[in-house]
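# Structural overview
Each chain is listed here by its residues.
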Amino acid sequence: MSDTAPNTTESAGIRRQFAGIDLQELAKRHGTPLYAYDASVIRQRCADLCDWDTVRFAQKACSNLAILDLVRREGVLVDAVSHGEIARALAAGYSTKGSSEGQDNLPAADPIVYTADIFDHESLDAVVQHGIHVNCGSADMLEQLAQRVPGANVTLRVNPGFGHGHSQKTNTGGEGSKHGIWHEAIPDVLQRAEWAGLAVTGLHMHIGSGADLNHLAAVAESLEKTARDIGRSLTTISAGGGLPVPYQKGEHRADLSEYFKLWDATRKRLEDSFGHRIRLEIEPGRYLTAEAGILVTEVRAVKRQGSKKYLLVDAGFHTLARPVLYGSYHPMSLCPTSTTPPHELEAVAIGGPLCESGDIFTQEEGGFVSTRDLPPARVGDLLVIEVAGAYGFVMASNYNSKPFPAEVLIDDGTSRLVRARQTAEELFSGESVPQG
Ligand code: LLP
């Protein structure tokens, strides 16, 4: 397993293949923009986390049914934040009842857990209908659940009073975040749970996405303290997600063995105090799929604006929103139509087709346009945006009435279409013009 940022280029700034498939052929077959995922990378990332009793995929990162099916076959369970995500998990073959077969004396794990700060009506209905375990991020959820499922077991998602993320917008802890039950409110909330007749069997903390391991490690101590306040009813603890991945050259994949040891020791101390086994969960989204995915786009225009050169491609922030939302950096490379050796690299800004100036892939937080060094590109070349397998397709929109792109999964040298490109007609299906 490599521990450095993916080496995405075959020579500087050039990539001609992905997962053993010729990119020009892939684009010819499926069109662009196109998300492509490498199944073997996802399997490897699942295997990295095999020490944990439960790996629960935060499917919001990449929820195509084929991806859910793939991780399910790797023994990974799933998190859902909406009735739509519950429906996806069921459609991908997840069952509603857990088992702990082969895991000595551990309490059974729920295959699907609904984690949110509210129930909308549809989600509450889905939870009740399918008997889904709930991880409550607000005390109001407890009473709403108790009315429909008296005596249910619940998990509490606790905000420990601190958080961290790659952007302020992905920090889910502290007073600046709406997420979780405030740590100081736990005694009060436990009383409300008791009055409602619910048993608190799980405790969960997730302080943010793309956090660093030092911040994540601080969660273990805080969780242990809250676990002792809850007491012996606890059978499962969850470290949440947030594991960082390398996006930039020179960034290293985090060493997760120490992180696991820290959490395992926390779990063991709690087991000693409570006198029974505790299941230890981790809930990654990005870690499982980010590096497995690319976004393939086609260069449609090359132009100069004063001293700045722009490549305009057929994907925009409706296809990949991370740069415009967070100023996120994604590695990029060019797949030229010509086979002549690449020239020297040149600095280019890269934008999309949308009628909006913020539609730029090379931007920093605050919207400042930056550039990327790439070989000179021509119309018809492919621009490959890398490490795009998490929070890529799932955050796509139909802005400017642009259809959703297609998705393909590549496994063992074979590419399969796992989501057809949306058609123009599908864009407005469900709309109607009032008659009369
Ligand atoms: N668990 C909970 C309760 C979460 O809210 C999240 C992410 C995760 C797990 C998974 O976090 P991960 O392991 O992927 O960091 N759109 C943003 C990320 C938003 C994350 C939302 N919650 C981005 O593109 O960076």
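Keep in mind that this is a model prediction, so the values were computed, not measured. (Residues numbered from 1 in each chain as written. Predicted model: local features only at pLDDT ≥ 70, side-chain atom pairs only at ≥ 80, totals over all residues. Heavy atoms only, no water.)

### A look at the overall build of the protein chain
Note the threshold: By definition, any uninterrupted DSSP run of H or I lasting at least four residues is a helix, any uninterrupted run of E lasting at least two residues is a strand, and each is numbered from the N terminus. Residue burial is assigned from relative accessible area. The probe radius is 1.4 Å, only protein chains are included, and a residue is buried under 20% of its type maximum, exposed over 50%, and partly exposed in between. The Shrake-Rupley method, run with a 1.4 Å probe, gives the accessible areas here. Residue values count only the displayed protein chains as cover. Residues scored as charged are limited to Lys and Arg (positive) and Asp and Glu (negative), so that His and the chain ends carry no count. Throughout, a charge is located at the NZ atom of Lys, the CZ atom of Arg, the CG atom of Asp or the CD atom of Glu.
Helix and strand counts for the protein chain come out as 12 helices and 22 strands. With respect to the principal axes defined by its C-alpha atoms, the protein chain has extents near 70 × 65 × 40 Å. Counting every position in the protein chain, which comprises 436 residues, the buried fraction comes to 54%. Accessible surface, the protein chain as shown: approximately 19,000 Å² in total, 49% of it carbon and sulfur. The protein chain carries 41 positive and 55 negative side-chain charges, and their two centres are separated by 4 Å.

### Quick word on the packing of helix H4 (residues 83–91) against helix H5 (residues 121–130)
Going by this rule: Helix axes are fitted only over the stretch in contact, all axes being lines through C-alpha atoms; the angle between N-to-C directions runs from 0 to 180 degrees. Note on contacts: a residue pair is in contact if any heavy atoms of the two residues lie within 4.5 Å. Residue polarity follows a fixed list, in which Ala, Val, Leu, Ile, Met, Phe, Trp, Tyr, Cys and Pro are nonpolar, Asp, Glu, Lys and Arg are charged, and the others, Gly among them, are polar.
Running from N to C, H4 and H5 point in directions that differ by 35°, and their axes come no closer than 8 Å. Along the contact surface, H4 presents His83, Ile86 and Leu90, while H5 presents Glu122, Ser123, Ala126, Val127 and His130. Across the contact of H4 with H5, the residue classes tally to four nonpolar, three polar and one charged.

### Focus: the site of the ligand
Going by this rule: Note on terminology: near, applied to a residue and a molecule or strand, indicates that one of the residue's heavy atoms is within 4 Å of it. For the purposes of these results, a polar contact is taken to be a pair of N or O atoms within 3.5 Å, where, inside protein, one atom must be able to donate a hydrogen and its partner to accept one; residues adjacent in sequence count only when each atom of the pair is a side-chain atom.
Taken together, 20 residues surround the ligand, and among them His166, Ser209, Glu283, Arg322 and Tyr391 come closest. Ser209 is positioned with one of its side-chain polar atoms (N or O) 2.4 Å from an oxygen atom of the ligand. With the chains in place, 92% of the 590 Å² that the ligand exposes on its own is no longer accessible. Taken together, the residues of the shell around the ligand sort by class into five nonpolar, 10 polar and five charged.

### Comments concerning the packing of helix H8 (residues 213–230) against helix H9 (residues 256–274)
Worth spelling out the cut-off: The scheme is simple: roughly parallel for angles under 35 degrees, roughly antiparallel for over 145, roughly perpendicular for 65 to 115, oblique for anything else.
Contact pair H8 / H9: the axes reach a minimum separation of 10 Å and the direction vectors enclose 5°. Taken together, the axes of H8 and H9 lie roughly parallel to each other. Along its contact with H8, which presents Leu213, Leu216, Ala217, Val219, Ala220, Leu223, Glu224, Ala227 and Arg228, the element H9 presents Leu256, Tyr259, Leu262, Trp263, Thr266, Arg269, Leu270, Ser273 and Phe274. In terms of residue class, the contact of H8 with H9 is built from 13 nonpolar, two polar and three charged.

### What to know about unusual backbone geometry
Going from Thr32 to Pro33, the amide bond is cis rather than trans, its omega being -5°. You can see Pro33 is positioned in the loop between helix H1 (23–30) and strand S3 (34–38). The phi dihedral of Ala19 falls on the positive side, at around 50°, and the residue is not glycine. For Ala19, a relative accessible area of 26% gives the class partly exposed. Of note in the backbone geometry, Asp412 takes a positive phi value of approximately 55° without being a glycine. With respect to the helices, strands and loops of the structure, Asp412 is situated in the loop between strand S21 (406–411) and strand S22 (414–419).

### Quick word on the confidence of the model for the protein chain
As a reminder, the rule being used: Confidence scores labelled pLDDT are given residue by residue by the predictor and lie between 0 and 100.
The share of residues in the protein chain with pLDDT of 70 or more is 97%, and the mean pLDDT across the chain is 94. At the low end of the mean pLDDT range in the protein chain sits strand S17 (residues 363–364), at 92; at the high end sits S3, at 99. Below a pLDDT of 50 lies the segment residues 1–9, which in the model reaches 25 contacts outside its immediate sequence neighbourhood of four places, other chains included.

### Examining the nonpolar core
Our working rule: What is meant by a nonpolar core is a set of buried Ala, Val, Leu, Ile, Met, Phe, Trp, Tyr and Cys residues, joined one to another through side-chain atoms within 4.5 Å.
Grouped together as the largest cluster of nonpolar side chains are 103 residues, with contacts concentrated most on Trp52, Leu156 and Trp263. The element contributing the most residues to this core is H8, with seven residues. Counting residues in hydrophobic clusters, the runner-up holds 15 residues, among them Ala36, Val296, Cys335 and Val384.

### Examining the environment of Val302
Inspection of the secondary structure puts Val302 in strand S13 (residues 293–305). With a relative accessible area of 32%, Val302 lands in the partly exposed category. With sequence-adjacent residues up to four places away left out, Val302 is seen in contact with Lys309, Tyr310, Leu311, Ala377, Arg378 and Val379.

### Observations regarding helix H7 (residues 186–196)
Selection criterion: As used here, the arc is the angular range of directions from the helix axis to the C-beta atoms.
Turning to H7, its buried residues are Ile186, Val189, Leu190 and Ala193. Buried positions in H7, seen along its axis, are confined to an arc of 105° and lie on one side of it. In H7, the exposed positions that point more than 90 degrees away from the buried face belong to Pro187, Glu194 and Trp195. At its buried positions, H7 is contacted by helix H6 (139–148), strand S8 (153–159), strand S9 (181–182), strand S10 (199–204) and H8.

### Considerations on the layout of surface pockets
Regions of empty space are outlined by a rolling probe, equal in size to a water molecule, passed over the atoms. The condition is simple: Think of a 1 Å grid over the protein atoms and nothing else: a 1.4 Å probe that fits but is trapped marks a cavity, an open set flanked by protein within 12 Å on at least five of seven lines marks a pocket, and residues with an atom within 4 Å of a point count as lining. Grid points are joined across faces, edges and corners, and a volume is the space filled by probe spheres set on the points.
Of the pockets and cavities examined, the largest pocket occupies roughly 800 Å³. Lys60, Arg157, Thr172, His179 and His206 are, among the 35 residues lining the largest pocket, the residues nearest its centre. Where the lining of the largest pocket is concerned, the elements lending two or more residues are strand S6 (112–116) and helix H10 (286–289). Among the elements that take part in the lining of the largest pocket, S6 stands out by supplying three residues, more than any other. Class assignment for the residues of the lining of the largest pocket results in 12 nonpolar, 15 polar and eight charged. If you add up the space inside the second largest pocket, you get close to 400 Å³. Lining the second largest pocket are 25 residues; nearest its centre among them are Asp53, Glu74, Gly75, Val76 and Leu77. Secondary structure elements with two or more residues in the lining of the second largest pocket: helix H2 (39–48) and strand S4 (54–58). Classifying every residue of the lining of the second largest pocket by side-chain character gives 11 nonpolar, eight polar and six charged.

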